[in-house]
Amino acid sequence: MDDEIELLTIGRLARRTGLPVRTLRFWSDEGAVPTAGRSAGGYRLYDAAGVARVELVRTLRELGLALGDVCRVLDGSATVAEVATAHVAALDTQIRALKVSRAVLSTVSKRGSTAEETALMNRLARLSAAERMQIIDDFKEDVFGRLDIDPGQRDKIRDLRIELPDDPAPEQVDAWIELAELVQDPGFRDRMRVFMELNTPVPGRQPPPGAGIWWARQIVGTVAKARRDGVDPTGPVAADLVAGMFGDADPAAVLRSLEAGIDAGAERYRLLVARVRGQRSAPDATEDLHWLAVALRIAAGSSDHR
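So, here is what we can say about the structure in this document. (Residues numbered from 1 in each chain as written. Predicted model: local features only at pLDDT ≥ 70, side-chain atom pairs only at ≥ 80, totals over all residues. Heavy atoms only, no water.)

A word on the overall build of the protein
Phase 1: When helices and strands are tallied, the protein shows 16 helices and three strands.
Phase 2: For 306 residues, the compact-globule formula gives about 19 Å, and the C-alpha radius of gyration of the protein, at 33 Å, lies well above that figure.
Phase 3: If one aligns the C-alpha atoms of the protein with their principal axes, the spans along those axes are about 115 × 45 × 35 Å.
Phase 4: When burial is assessed residue by residue, the protein has 37% of its 306 residues classed as buried.
Phase 5: Once local pairs closer than 6 in sequence are excluded, the contacts in the protein between residues at least 24 apart make up 65%.
Phase 6: Here the protein contributes 41 positively and 46 negatively charged side chains, and the mean placements of these two sets differ by 3 Å. (Helix = DSSP H or I, 4+ residues; strand = E, 2+ residues; numbered from the N terminus. Rg over C-alpha atoms; globule rule 2.2 N^0.38 Å. Buried < 20%, exposed > 50% of the residue type's maximum accessible area, 1.4 Å probe, protein only. Contact = heavy atoms within 4.5 Å. Lys, Arg positive; Asp, Glu negative; His and termini not counted. Charge placed at Lys NZ, Arg CZ, Asp CG, Glu CD.)

As structure tokens, this is what we get:
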């Protein structure tokens, strides 16, 4: 008999396609691969169309389509394109969930977290967009809500959004977990409030003496260059730099403003916000700020002895 029209038993079909008999039997029972008839002994028989149907089912299953969706395509109630579109959406959801899981597990691995900490991080990572926004809004209201600032600046703070994108990278999820933990810490909120009170310009008054450290990155850039050049923060060159940056301002007052930000972890907060948003940010200036604090302490001590 010609091979093109030869009827195959399920065993021979399995050998030809390389699929297990149990898989072919299941597909056949579900209607995805209909038989061409039965042998005298009652065995299933498949023709060339059945072989082609097996290859199509295998292709669609390898792409991840459920057998029910495959059957809908085969019986004409849905097109391959329609099913593929729905499957892409489902895959996107799974991929996002896997990224979140990977980010949480990566953070757990780096921190050596306990089971309780792992559960908390997982919950924070899987919050809805509205729930994440509420955490940030609560933080902003607690820290910034009572500041005596210009109405326009208050509106900018209120409108400031710190949101994960719909498809965040693992490092963004990792940053969000840390940021969410941080902004819900009452101690951090208290320290940030003190920092903001000492460094935020008040309408009708001179800017605070240390505000330029945080709101004008030129100061940090000057300090970073001094550190690269090997300048000793306790020496005369550092003293001249401090005088040039802050003029007649009381170095002790500038130091208070600076130390409030260092104690609050304002630089870490800035970096985490940028990472969550996927934005490029200025390098971590923590070491530069500590160098400047040493130089200011020397300057403040010198002014006390004048």
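Here we look at the pattern of salt bridges
Phase 1: Considering all chains together, one arrives at 16 salt bridges under this definition.
Phase 2: Across the pair Arg161 and Asp137 runs a salt bridge, and its minimum N-O distance is 3.8 Å. Pair noted here: Arg161 is in the loop between helix H8 (151-159) and helix H9 (170-183) and Asp137 is in helix H7 (residues 129-144), with a separation of 24 residues, a long-range link.
Phase 3: Among the residues examined, Arg161 registers a relative accessible area of 34% and is labelled partly exposed.
Phase 4: A salt bridge links Arg189 to Asp142; the shortest N-O distance between them is 3.3 Å. Within this pair, whereas Arg189 is found in helix H10 (residues 186-199), its partner Asp142 is found in helix H7, the two being separated by 47 residues in sequence.
Phase 5: On the basis of relative accessibility, which here comes to 14%, the residue Arg189 falls in the buried class.
Phase 6: A relative accessible area of 23% means that Asp142 is categorised as partly exposed. (Salt bridge = Lys/Arg side-chain N within 4 Å of Asp/Glu carboxyl O.)

Considerations on the packing of aromatic side chains
Phase 1: Evaluation of the coordinates by the stated rule reveals four aromatic pairs.
Phase 2: Considering the side-chain rings of Phe139 and Phe144, the 6.1 Å spacing of their centres and the 85 degrees angle between planes classify their relative orientation as edge-to-face.
Phase 3: Residue classification places Phe139 among the buried residues on the basis of a relative accessible area of 0%.
Phase 4: You can call Phe144 buried: its relative accessible area is 10%.
Phase 5: Among the aromatic residues, those joined into a ring-pair cluster are Phe139, Phe144, Phe188 and Tyr269. (Phe/Tyr/Trp six-rings, centres within 6.5 Å; stacked < 30°, edge-to-face > 60°.)

A few points about the sheet that holds strand S3 (residues 44-46)
Phase 1: The three strands lie next to each other as S1-S3-S2, forming an open sheet whose pairing is antiparallel. Among the strands making up the open sheet, the edge pair consists of strand S1 (8-9) and strand S2 (37-38).
Phase 2: Relative to S3, S1 runs antiparallel, the two being bridged by two bridges. Opposite Leu8, over in S3, you have Tyr46 as the bridge partner. (Pairing = 2+ DSSP bridges.)

A short note on the environment of Gly187
Phase 1: Looking at the secondary structure, you find Gly187 in helix H10.
Phase 2: Residue classification places Gly187 among the partly exposed positions, given a relative accessible area of 23%.
Phase 3: Taking the C-alpha atoms as reference points, Gly187 and Ile298, separated by 111 residues in sequence, lie 29 Å from one another.

Regarding the side chain of Arg132
Phase 1: Within the fold, Arg132 resides in helix H7.
Phase 2: A relative accessible area of 14% means that Arg132 is categorised as buried.
Phase 3: Setting aside residues up to four positions removed in sequence, Arg132 forms contacts with Leu127, Leu164 and Trp176.

What about helix H12 (residues 217-228)?
Phase 1: With 12 residues, H12 should cover 16 Å at 1.5 Å per step; its first-to-last C-alpha distance of 16 Å lies within 8% of that length.
Phase 2: Every buried residue belonging to H12 is among Ile219, Val220, Val223, Ala224 and Ala226, and all of these are buried. Seen end-on, H12 carries its buried residues on one side only, within an arc spanning 160 degrees. Opposite its buried face, H12 presents the exposed residues Gln218 and Arg228, each directed more than 90 degrees away.
Phase 3: Among the residues trailing H12, Gly230 stands out with phi positive, at a value near 80 degrees. (Expected span 1.5 Å × (residues − 1). Arc of directions from axis to C-beta.)

Observations concerning the nonpolar core
Phase 1: If you look at the biggest cluster of nonpolar residues, it comprises 28 residues, and the most contacted ones within it are Phe139, Trp176, Leu179, Val183, Met192 and Tyr269.
Phase 2: When residues of this core are traced back to their parent elements, those giving at least two are H7, H9, H10, helix H14 (251-264) and helix H15 (266-277).
Phase 3: Excluding residues within four positions of it along the chain, Phe139 makes contact with Phe144, Val183, Phe188, Arg189, Met192 and Tyr269.
Phase 4: In this structure, Leu8, Leu24, Leu65 and Val73 belong to the second largest nonpolar core, which totals 21 residues. (Core = buried A, V, L, I, M, F, W, Y, C linked by side-chain atoms within 4.5 Å.)

So far we have only geometry, and geometry alone does not tell us how the molecule works.
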